[in-house]
Amino acid sequence: MAGRINDDDVKAVRDAVPIDAVVSEYLQLRNAGGGNLKGLCPFHDEKSPSFHVSPAKGLYHCFGCQEGGDTVDFVMKVDHLSFAETIERLAAQAGITLRYEEGGYTPGRQQGERTRLVEAHKIAAQFYAEQLGGAEAEIARAFLAGRGFDQSAAAHFGVGYSPAGWDHLTRFLRGRGFSDKELILSGLSQDGRRGPIDRFRGRLMWPIRDITGDVVGFGARKLRDDDNGPKYLNTPETPLYRKSHVLYGIDLAKKDIAKGNRAVVVEGYTDVMACHLAGVTTAIATCGTAFAGEHIKILRRLLMDNSRAKVIFTFDGDAAGQRAALRAFEDDQKFAAHTNIAVSPGGMDPCELRLDRGDDAVRALIEESTPLFEFAIRSVVARHEVDTPEGQAAALEEAAPIVAGIKDSSIRHQYAVRLAGLLGILDTQFVVMRVGQLARWARERADRGDGRQRSAAPRTAVAEAPRPPAPRGPALNLRSPAHRTERELLKLALQHPELVAPAFDAYGEDEFTAAPYAVVRRAIEQAGGVANADGEYLARVRDAAPDDTVRSMVTELAVEPVHARTVDEVYAGTQLVQVRLRAVERRVKEVQGSLVRLGATSSPDHLAAVQNELWVLQQYGKSLQDRGAAAL
């Protein structure tokens, strides 16, 4: 049975390791006044710091999630360790030798599981680093040299080499007291025909460290043609290593990220090395997975959601790199920091760029990065022929929602103006109004809690989850010109989707004043929209209907004749314009009513904002009347 750690030693550990020094390994702390520090809580997502640390008391407390305790409690929770493992880790940091009661201390037997696995990885990293100097590793040294990395660079990053034999590391770790079970669990070894064998053989090795500097896994690069494995082989998921929770280089970059309020996200191990050696010491990389939620949390805690901070993604200039950059846009606004894109010239990654053009070129790449919003917009516009009205319209419909998604209204306005310039649209206010309209509708849909799911699951005989109630509105009155036009537009959307695409997909439910029509509009959206209409389109719309009544109406609209002798783009454009124009007129009346209610007591800024919205709406309405479908 494992021995119990001496109580005096536990106290010595608590006293020896300052809580602020430990917490600072995981997040940036700032002065909170009264001798306390504060930062973003590592235990729950938050936008403003509510996690407070008292160095004088040796305690922490989060006023958001109510987590609190001392240094030991913090490490236990943040790293999911047992009490004994935590004391052992902190004792090692403080240089304290622990005493174990109930039979004394037996190294290798009484340590916690995580501590043992960390120790195994530490020894493995040393083993691999030593092997890099051997004769067999000549191919590895040549690989590094070919990419501009000398011996000192390899040592700085702990790069090593795994021998090509079956069980060199396995036998070495067995000799250091590690059991076969521990070696398999760690991911350093794997089951072979006659027992454990090395997972990594004949490869260049990068140790992957967590934010505290512990080695938790390895990245291994293939060197020989007779190696049938993948080009890069990483440690499998283990109690230590979860690829979605680690960033390569974070241990080296974290202080400069926090100090300089900037992080550079690159794609590979050699890119991190190249950036750091070129002076970009805030470079980090994911380990064989996309940059996502847990990675964002790590950076947010270091950047403290500082609005002056910047996160820069580097991607190759090819199509795949651009797609990766646009995917990053989806997570952009989880940062308060500004997000930029740096696209390497000629499709070179930072490592190739450094080798070809030197350190200055790498630094210039990062310094000359483009704001992500601008990159996203330019990428969309480049796909269209904006020298034609049709190309302008298509590009606007694709790019406007991106601009509308910018949360900061002042930045959104600036990018709307920039979008108009990129498209060559002289009526700048038309683009600004369109973006503002999409942003407002998105907010209203979010406030109502409307889903944005694009595809609906097929109906089955089993009970379905309750659907949200259909929107309430005025009774359906076909004598109303608005309702007749809305019905005609829905018929076109169901029967001739190609005539109203892509404009119809930008219409919100609130542009349909008849409640049943608004529900049909929602079903079309959930079925993928008119732009994605194919042979299964109507079936998808019906499946998306919330009940049999709406499903019946979809069928009715899909078969009812359109009230026009010639059903063409001109007729479709007229219906699109009429529905949109009435929506604008309704909004004009709402804003005019707001102006009346505001009166002279309102603040000048608020009054000016409402007046500006009214002016934009009136200009857009006039444009619709004068230009028809071309103004959509």
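Nothing here was measured: the structure is a model prediction, and the numbers come from that model.

## Observations regarding the overall build of the protein chain
Across its full length, the protein chain carries 26 helices and 16 strands. Here the protein chain holds 632 residues, and the buried ones make up 49% of them. Here the protein chain displays about 30,200 Å² of accessible surface, and carbon together with sulfur accounts for 51% of that area.

## Thoughts on the sheet that holds strand β2 (residues 36-39)
Pairing is antiparallel across the open sheet formed by five strands, whose spatial order is β1-β2-β3-β4-β5. Two strands close off the open sheet at either side, each with one partner strand: β1 (30-33) and β5 (68-70). Mean inter-strand twist for the sheet, computed between neighbouring axes without regard to direction, equals 25°. Here three bridges tie strand β4 (residues 59-62) to β5, and the two strands are oriented antiparallel to one another. Opposite Tyr 60, over in β5, you have Gly 69 as the bridge partner.

## Some details on the packing of aromatic side chains
Summed over all chains, the structure comprises 20 aromatic pairs. Taking the centre distance of 5.8 Å and the plane angle of 65° together, the rings of Phe 373 and Tyr 415 count as edge-to-face. You can see Phe 373 sitting in helix α16 (residues 372-381) and its partner Tyr 415 sitting in helix α18 (residues 409-423), a full 42 residues away along the chain. Of the two residues examined, Phe 373 and Tyr 415, each falls in the buried class. When the ring centre of Phe 43 is taken as reference, the NZ or CZ atom of Lys 77 above it lies at 5.3 Å. Sitting above the plane of the Tyr 507 ring, Arg 580 keeps its charged end 4.0 Å from the centroid.

## Regarding α18
The end-to-end C-alpha distance of α18, which contains 15 residues, comes to 21 Å, matching closely the 21 Å that a straight helix rising 1.5 Å per residue would cover. On the buried face of α18, the contacting elements are β16 (370-371), α16, α17 (389-404) and α19 (428-448). Positive backbone phi, at 75°, marks Gly 424, one or two positions downstream of α18.

## Notes on the packing of helix α20 (residues 481-495) against helix α24 (residues 548-559)
At a closest axis distance of 8 Å, the pairing of α20 and α24 adopts a crossing angle of 85°. Judged by the angle between their axes, α20 and α24 are roughly perpendicular. On the side of α20, the interface is formed by Arg 487, Leu 490, Lys 491, Leu 494 and Gln 495, while α24 contributes Val 554, Glu 556, Leu 557, Ala 558 and Val 559. Class assignment of the residues belonging to the contact of α20 with α24 gives a composition of six nonpolar, one polar and three charged.

## Regarding the pattern of salt bridges
Charged atoms that come close allow side chains of opposite charge to pair. Scanning all chains against the criterion turns up 29 salt bridges. Notably, a salt bridge pairs Lys 11 with Asp 15, separated by 2.9 Å at the nearest N-O pair. Here Asp 15 and Lys 11 lie together in helix α1 (residues 7-16), a separation of four residues that amounts to about one turn. Asp 15 carries the same exposure label as Lys 11, and that label is exposed. Two residues, Arg 363 and Asp 360, come together in a salt bridge whose shortest N-O distance is 2.0 Å. Note that Arg 363 and Asp 360 are positioned in helix α15 (residues 359-367) at a spacing of three residues, about one turn of the helix. What makes Asp 360 exposed here is its relative accessible area of 53%.

## A word on the sheet that holds strand β6 (residues 160-162)
Within the open sheet, the four strands sit side by side as β6-β9-β10-β11. Their pairing is antiparallel. Two strands in the sheet have a free side with no partner beyond their single neighbour: β6 and β11 (232-234). Across the sheet, the axes of successive neighbouring strands diverge by a mean angle of 35°, strand direction being ignored. Of the pairings in the sheet, the one linking strand β9 (residues 203-209) to strand β10 (residues 215-222) comprises seven bridges and is antiparallel in character. Note that in β10 the partner of Leu 204 across the bridge is Arg 221. The sheet strands contacting helix α5 (residues 113-131) are β6, β9 and β10, and the helix crosses β10 at an angle near 35°. In the packing of helix α6 (residues 138-146) onto the sheet, contacts are made with β6, β9 and β10, and the angle to β9 comes to roughly 70°.

## A few points about the pairing of strand β7 (residues 189-192)
Where β7 and strand β8 (residues 195-198) come together, four bridges link them in antiparallel fashion. Considered in β8, the bridge of Ser 189 is made with Asp 198. Once β7 ends, the chain turns through two residues before running back antiparallel as β8.

## Observations regarding the nonpolar core
Ranked by internal contacts, the top residues of the largest apolar core, which has 76 residues, are Leu 419, Val 500, Phe 504 and Ile 524. With ten residues, the single largest contributor to this core is helix α25 (residues 569-598). Dropping the residues within four chain positions of it, Val 500 is found in contact with Leu 489, Leu 492, Ala 493, Val 530, Ala 572 and Leu 576. Listed in part, the 48 residues of the second largest apolar core include Val 75, Ile 257, Phe 291 and Leu 303.

## Structural notes on the environment of Gln 93
Positionally, Gln 93 belongs in helix α4 (residues 83-94). Separated by 77 residues in the primary sequence, Gln 93 and Ala 16 have C-alpha atoms spaced 9.4 Å apart.

Definitions and cut-offs
Residues numbered from 1 in each chain as written. Predicted model: local features only at pLDDT ≥ 70, side-chain atom pairs only at ≥ 80, totals over all residues. Heavy atoms only, no water. Helix = DSSP H or I, 4+ residues; strand = E, 2+ residues; numbered from the N terminus. Buried < 20%, exposed > 50% of the residue type's maximum accessible area, 1.4 Å probe, protein only. Areas by Shrake-Rupley, 256 points an atom, 1.4 Å probe, with all protein chains shown as cover. Pairing = 2+ DSSP bridges. Axes fitted to C-alpha atoms, helices over the stretch in contact; angles between N-to-C directions. Phe/Tyr/Trp six-rings, centres within 6.5 Å; stacked < 30°, edge-to-face > 60°. Lys NZ or Arg CZ within 6 Å of the ring centre and 35° of its normal. Expected span 1.5 Å × (residues − 1). Contact = heavy atoms within 4.5 Å. Parallel < 35°, antiparallel > 145°, perpendicular 65-115°, else oblique. Nonpolar A, V, L, I, M, F, W, Y, C, P; charged D, E, K, R; others polar. Salt bridge = Lys/Arg side-chain N within 4 Å of Asp/Glu carboxyl O. Core = buried A, V, L, I, M, F, W, Y, C linked by side-chain atoms within 4.5 Å.

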